Amino acid sequence: MATIQEEIHKRRTFGIISHPDAGKTTLTEKLLLFGGAIQTAGAVKSNKIKKGATSDFMEIERQRGISVATSVMTFEYNDLKINILDTPGHKDFAEDTYRTLTAVDSVILVIDCVKGVEEQTERLMEVCRMRNTPVIVFINKMDREGQNPFDLLDELEQKLNIKVRPLTWPINIGSNFKGVYSIYDKSLNIFNANKTKIEKEVVAVDIWSEELDKKVGEKDANQLREDIELIEGVYGDFDRSVYLSGEVAPVFFGSAVNNFGVQELLDTFTEIAPSTQARKTDVRIVEPEEKKFTGFIFKIHANLDPKHRDRIAFLRVCSGTFERNKFYKHVRLDKNLRFNNPYNFMAQEKEVIDEGFPGDVIGLYDTGNFKIGDTLSEGELMQYQGIPSFSPEIFKELMNLDPMKSKQLEKGIQQLTDEGVAQLFVQPHLGNRKIVGTVGELQYEVIQYRLEHEYGAKCRFDHRDIAKACWVTSDDEKKLTEFVRLKAQNIAQDKDGNFVFLAESEWILRMNIQNNPDIQFHFTSEFKRAVEA
Ligand code: G4P
């Protein structure tokens, strides 16, 4: 039997992120094909929300079904256990993606070579940069007439605030695309457009040899030599340790739909990507090798059957060995819990497991005990960090349309916000007015639909003039109490009882920051990034 060190060493837990349509689903599927986890193309469904879906509730249900099925995809490759954590591409679910990024050890970022760096990519990368998550970039759709690869590299560096280092290099692009040269292992991979089979012609070549001219023609061979010389001059040697510290992103070129460049990506990924990393709690850093089990919940998913209100909580194991049927401490509730049927996710099925190791993601049936960010331990009082709520962008008041069902509504909104669908702010001074904050309009439709179908409660959302929500704290307890009293109309409490200032406009927020130097205003619930006045 493998030791815990060997188990940790075997694991690669990562997320694939991209702007919608860049090719995340296609790449995921190809990785699973190479890994032997699925046999046919088309097995991984896109979790994209189709256009016009905001009023199409079947679409919302379909999307939820897919996101349960694809939340985690596990496969074995070269004796490694690879866990891919799925991230929703739709902007309205961005917060879900941010949280998933707290549970990965590295990231693969997919870029469309025609479109370059898009808005969603910038935001996702900001989260990776905050946590120094190692990133590999895959520039996709090289079979299309895209931008010049050097320009793409410059754009990556400028917009994503990270240094890059190409490890493969394309020979032409679009209809003239001939393949890629692997700078990393000095071999040439000739492009054959093939969507269904993996057909490869990989040859080790010295780029200064005549063989290269024979393979790609003299003109392209000379261009490649020139490009490689330039790359080596400009970008220097590839150093794995700077990749691991999140400072340099290795770059690969390919075409996911044509199975091209994917194996190089996977092989290099398995070689250089980090295995399970240590993680921060509020009291100390926990190393994966520690004997005692610890982990945290980064995602909660409602059961798709509305008759069963139980949910699936996704646990990331951080240290020790998680065992089925053993009691663990739920730190926030100070309660011991055990799990009869924890399960593991293989590509298309789930199986009950007896144990899990650091880096693994385990599905736990939950009857309402968990909130996102909860920590489980063998007794130690600690809370994993880095699972913040971000300041929402849209705010609406929840209006009950059926007074007979207020209990159901209350329970429903509590549970849905525990799942992280949206954030709930209650204003005690205004008759417990409930403000629901989200990052996208779509969530209101989802909440309304689910409250009705799962909890039998009818509601409406009324627009409220709130531009920003900031968590407020102070080193001086009295000053905070005074501020909360004076600003009662603008004060709400989040689910953990923290005070939140709801500002009607950016201007009002700025004025309040200026006028209240003893109060700290924060953009995330983690109270790290103070707002600059
Ligand atoms: P996403 O998950 O990031 O949103 O993207 P997804 O994989 O669904 O890919 C978006 C579209 O881009 C798909 O086309 C897909 O086939 C196409 N695509 C992916 N990789 C490549 C590539 O290397 N080259 C080219 N030319 N296209 C690529 P679609 O028309 O939206 O869907 P489908 O009908 O082809 O599935």
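If you check an unreviewed UniProt entry, the protein appears there as Peptide chain release factor 3 from Arcicella rosea. Checking UniProt for the protein, the heading Function (unreviewed entry) contains the comment "Increases the formation of ribosomal termination complexes and stimulates activities of RF-1 and RF-2. It binds guanine nucleotides and has strong preference for UGA stop codons. It may interact directly with the ribosome. The stimulation of RF-1 and RF-2 is significantly reduced by GTP and GDP, but not by GMP."

Chemist: Hey, could you go over the site of the ligand for me, with residue numbers and the actual values?
Modeler: For the ligand, the set of nearby residues contains 17 residues, the closest of which are Asp21, Lys24, Thr25, Thr26 and Ser255. Interatomic distance of 2.4 Å between a side-chain N/O atom of Thr25 and an oxygen atom of the ligand. Interatomic distance of 2.6 Å between a side-chain N/O atom of Ser255 and an oxygen atom of the ligand. Calculation on the ligand without its partners gives an accessible area of 700 Å², and the protein chains cover 66% of this total. The element contributing the most residues to the shell around the ligand is helix α2 (residues 24–34), with 3 residues. For the shell around the ligand, a count of residues per class yields 4 nonpolar, 7 polar and 6 charged.

Chemist: Quick one: what's the story with the sheet that holds strand β4 (residues 106–112), residue by residue and with numbers?
Modeler: Spatial ordering of the open sheet is given by β2-β3-β1-β4-β5-β11-β6, a layout of 7 strands whose pairing is mixed. Each of the sheet's edge strands pairs with one partner strand only, and the pair in question is β2 (72–77) and β6 (163–166). Between one strand and the next, the sheet's axes are offset by a mean angle of 30°, whatever the strand orientation. Inspection of the sheet shows β4 paired to strand β5 (residues 135–140) by 6 bridges, in the parallel sense.

Chemist: Pulling in residues and values, what's your account of helix α4 (residues 94–101)?
Modeler: What sets the pattern is the α-helix's 3.6 residues per turn: residues three or four places apart point alike. Of all the 8 residues making up α4, 8 are buried; the element is thus mostly covered by neighbouring parts of the structure. All of the buried residues along α4 are Ala94, Glu95, Asp96, Thr97, Tyr98, Arg99, Thr100 and Leu101. Where α4 is buried, its residues touch β1 (11–18), β3 (80–85), β4, α5 (119–131), β14 (294–302) and β25 (423–427).

Chemist: Describe the pattern of salt bridges, and please don't skip the residues or the numbers.
Modeler: Taken as a whole and judged by the stated rule, the model has 32 salt bridges. The shortest N-O distance in the salt bridge between Lys81 and Asp360 comes to 3.2 Å. Of the two residues, Lys81 is situated in strand β3 and Asp360 in the loop between β21 (355–356) and β22 (361–366); the sequence distance between them amounts to 279 residues. Taken as a pair, Lys81 and Asp360 share a single burial class, namely buried.

Chemist: Lay out unusual backbone geometry in plain terms, naming residues and giving numbers.
Modeler: Peptide bonds are, in most cases, trans, and in most cases residues other than glycine have a negative phi. Of note, the phi angle at Asn132 is positive, near 55°, even though the residue is not glycine. If you trace the backbone, Asn132 turns up in the loop between α5 and β5. Not every positive phi belongs to a glycine, and Asn259 is a case in point at roughly 60°. Following the sequence through the fold, Asn259 ends up in the loop between β11 (248–253) and α10 (262–272). Judged by its relative accessible area of 7%, Asn259 is buried.

Chemist: Hey, could you go over the confidence of the model for the protein for me, with residue numbers and the actual values?
Modeler: The pLDDT averaged across the protein works out to 86; a share of 86% of its residues lies at or above 70. This stretch, residues 528–533, has a pLDDT under 50; its non-local contacts, to residues over four places away or in other chains, come to 15 contacts.

Chemist: Which residues make up the pairing of strand β24 (residues 394–400), and what are the values?
Modeler: Counting buried residues in β24 gives 5 out of 7 residues, a clear majority hidden from the surface. In terms of strand pairing, β24 meets strand β26 (residues 433–438) through 4 bridges, oriented antiparallel. Bridging across to β26, Ile394 finds its partner in Thr438. Relative to strand β27 (residues 459–463), β24 runs antiparallel, the two sharing 5 bridges. Bridging across to β27, Asn400 finds its partner in Cys459.

Chemist: Would you mind going over the nonpolar core in detail, with residue names and values included?
Modeler: Membership of the largest hydrophobic core comes to 63 residues, with the highest contact counts inside it found for Val137, Ile139, Leu156, Trp169 and Leu188. When residues of this core are assigned to domains, at least three map to each of domain 1 (4–274) and domain 2 (280–377). Among residues more than four places away in sequence, those in contact with Leu156 are Ile111, Val117, Val137, Ile139, Asn161, Ile162, Val164 and Val251. Within the second largest apolar cluster, 27 residues are counted, among which are Phe14, Leu167, Phe252 and Leu265.

Chemist: Please give an account of the packing of α4 against α5 that cites residues and values.
Modeler: Running from N to C, α4 and α5 cross one another at 30°; their axes reach a closest spacing of 10 Å. Relative to α5, α4 is oriented roughly parallel. The handedness of the crossing between α4 and α5 comes out as right-handed. Mapping the contact onto sequence places Ala94, Thr97, Tyr98 and Leu101 in α4 and Gln120, Arg123, Leu124, Val127, Cys128 and Arg131 in α5. Among the residues forming the contact of α4 with α5, the class breakdown is 6 nonpolar, 2 polar and 2 charged.

Chemist: Go over the environment of Asn336, please, and point to the residues and values.
Modeler: Structurally, the position occupied by Asn336 is in strand β18 (residues 335–337). Discounting residues that sit within four places of it in the chain, Asn336 has contacts with Phe327, Tyr328 and Lys329.

Chemist: I'd like a rundown of helix α14 (residues 506–515), residues and numbers included.
Modeler: Listing the buried residues of α14 in full gives Leu509, Asn512 and Ile513. The arc that holds the buried residues of α14, viewed along the axis, is 100°, so those residues lie on one side. Exposed residues pointing more than 90 degrees away from the buried face of α14 are listed as Trp507, Gln514 and Asn515. On its buried face, α14 is in contact with β28 (468–473), α13 (477–486), β30 (499–503) and β31 (520–522).

Criteria and cut-off values
- Residues numbered from 1 in each chain as written.
- Predicted model: local features only at pLDDT ≥ 70, side-chain atom pairs only at ≥ 80, totals over all residues.
- Heavy atoms only, no water.
- UniProt positions renumbered as here; feature names shortened; annotations may be inferred.
- Near = heavy atom within 4 Å.
- Polar contact = N/O pair within 3.5 Å; in protein donor to acceptor, adjacent residues only side chain to side chain.
- Areas by Shrake-Rupley, 256 points an atom, 1.4 Å probe, with all protein chains shown as cover.
- Helix = DSSP H or I, 4+ residues; strand = E, 2+ residues; numbered from the N terminus.
- Nonpolar A, V, L, I, M, F, W, Y, C, P; charged D, E, K, R; others polar.
- Pairing = 2+ DSSP bridges.
- Axes fitted to C-alpha atoms, helices over the stretch in contact; angles between N-to-C directions.
- Buried < 20%, exposed > 50% of the residue type's maximum accessible area, 1.4 Å probe, protein only.
- Contact = heavy atoms within 4.5 Å.
- Salt bridge = Lys/Arg side-chain N within 4 Å of Asp/Glu carboxyl O.
- pLDDT = per-residue confidence, 0-100.
- Core = buried A, V, L, I, M, F, W, Y, C linked by side-chain atoms within 4.5 Å.
- Domains from an automatic or database assignment.
- Parallel < 35°, antiparallel > 145°, perpendicular 65-115°, else oblique.
- Left-handed = near helix turned anticlockwise from the far one by under 90°.
- Arc of directions from axis to C-beta.

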